[in-house]
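This is what each chain is made of:
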Amino acid sequence: MPILNQNIWGGVCGFVSVLHALSERDGGLVGETVGQGSGILHQRLGAEMKTYLRMTQIERPGIAQDIEEFSRTFDGFENFTINEAITKIEQAARTDNFFQMQWKYDAKLGLCGGVAMPLNAVLDYLNFVGLRSKMKFTNAKLVFTQCELRKYKDCIVGVGNKSQSNTKYRGLRHWVYVDKNGYLWNWGNKKEMKKSSARPYEDYPDRHNCIIHVIAINK
């Protein structure tokens, strides 16, 4: 499966990290192959997000509410609602293969461009796609280095801002996946995590500076 680039959607790292973990087992989104290309792959991602969000609203409204509240902690998403997100997915799906670009957040248009997943929602989504998991660490403030991150192979890792560790979401800002070989799957790329004190990536250094949650995928 091609690596999904959550930036195309404007911020859906919780969904993407879980699907990357799934892809290591059965190809990720059911029926996907590399030859189908990124356009169809991202259409499938949109359908997956819509299905999960709608079912969560109906069956687990508490988690749906937490997704909305967490999403509103990000700049520009103060009025986020799941209903709006679903509407934008549906609108985007009616355009061409590059539809996902039209779903990005635009402050002038007031469009919603992401769905932020708190810890309980990621755990719920893991169960939704049929992956067993176990918490290794939660609410931690581990150093944000390649050497530290490579310890957590076949894990979904929540990273964020240690200065906000006393807030409701413990400073959580992003999710990534580290595969069984120690490669980081993030923003459409795979990168080997070496025995190094270097940062795993250089994006958002003021907000991504510690490891907060580590979820191991059970064999």
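In the block above lies the structure referred to throughout.
Residues numbered from 1 in each chain as written. Predicted model: local features only at pLDDT ≥ 70, side-chain atom pairs only at ≥ 80, totals over all residues. Heavy atoms only, no water.

Account for the environment of Asn209, with residues named and values stated.
The topology assignment puts Asn209 in the loop between β6 (189–192) and β7 (210–217). In the structure, Asn209 is positioned 10 residues away from Arg199 in sequence and 8.5 Å away in space, judged by C-alpha atoms. Apart from residues lying up to four places away in sequence, Asn209 is in contact with Phe144, Gly160, Asn161, Lys162 and Arg199. One polar contact links the side chain of Asn209 to the main-chain carbonyl oxygen of Asp206, over a distance of 3.3 Å. (Helix = DSSP H or I, 4+ residues; strand = E, 2+ residues; numbered from the N terminus. Contact = heavy atoms within 4.5 Å. Polar contact = N/O pair within 3.5 Å; in protein donor to acceptor, adjacent residues only side chain to side chain.)

Summarise the side chain of Arg173; cite the residues concerned and give the values.
Within the secondary structure, Arg173 sits in strand β4 (residues 172–178). With no salt bridge to any partner, buried Arg173 finds its closest opposite charge in Asp75, at an N-O distance of 6.7 Å. In terms of polar contacts, Arg173 uses its side chain to reach the side chain of Thr73, at 2.7 Å. Those residues in contact with Arg173, other than ones at most four positions away along the chain, are Phe70, Thr73, Phe74, Val159, Gly160, Asn161, Arg207 and His208. (Buried < 20%, exposed > 50% of the residue type's maximum accessible area, 1.4 Å probe, protein only. Lys, Arg positive; Asp, Glu negative; His and termini not counted. Salt bridge = Lys/Arg side-chain N within 4 Å of Asp/Glu carboxyl O.)

If you had to explain the pattern of salt bridges to someone new, which residues and values would you point to?
Per the counting criterion, the structure on display carries 10 salt bridges. Glu148 is the partner of Lys151 in a salt bridge, and the nearest nitrogen-oxygen pair spans 3.0 Å. Judged by relative accessible area, Lys151 falls into the exposed class, the value being 52%. A relative accessible area of 10% places Glu148 in the buried class. In this structure, Glu202 and Arg199 form a salt bridge, with 3.6 Å as the shortest nitrogen-oxygen distance. Glu202 gets classed as exposed once you look at its relative accessible area, which sits at 55%. Several salt bridges share partner residues, and in doing so they unite Glu59, Arg60 and Asp124 into one network.

Could you give me a rundown of the pairing of strand β5 (residues 183–186), with the residues and numbers involved?
As paired elements, β4 and β5 share two bridges and run antiparallel to each other. From the neighbouring strand, Val178 faces β5, where its bridge partner is Leu184. Remark: four residues form the turn of the hairpin made by β4 and β5, two consecutive strands paired antiparallel; Gly182 in that turn has positive phi of roughly 85 degrees. Sheet topology places β5 next to β6; four bridges connect them, and they run antiparallel. Within β6, the residue paired with Tyr183 across the bridge is Glu192. In sequence, β5 turns back onto β6 through a hairpin of two residues, with Trp187 there showing a positive phi of about 50 degrees. (Pairing = 2+ DSSP bridges.)

Residues and numbers for the packing of helix α4 (residues 61–71) against helix α6 (residues 119–129), please.
Where α4 meets α6, the closest approach of the two axes is 9 Å, and the angle between their N-to-C directions is 130 degrees. Here α6 runs oblique to α4, going by the angle between their axes. Considering the relative orientation of α4 and α6, their crossing is left-handed. Residues Ile63, Asp66 and Ile67 of α4 form the contact with α6, whose participating residues are Asn120, Ala121 and Asp124. In the contact of α4 with α6, the residues fall into three nonpolar, one polar and two charged. (Axes fitted to C-alpha atoms, helices over the stretch in contact; angles between N-to-C directions. Parallel < 35°, antiparallel > 145°, perpendicular 65-115°, else oblique. Left-handed = near helix turned anticlockwise from the far one by under 90°. Nonpolar A, V, L, I, M, F, W, Y, C, P; charged D, E, K, R; others polar.)

Describe unusual backbone geometry, with residues and values.
Unlike most non-glycine residues, Asn139 shows phi in positive territory, near 55 degrees. By the secondary structure assignment, Asn139 is in the loop between β1 (133–137) and β2 (142–143). According to the relative accessible area criterion, Asn139 is partly exposed, its value standing at 41%. You will see that Asp154, though not glycine, has its phi angle at about 55 degrees, which is positive.

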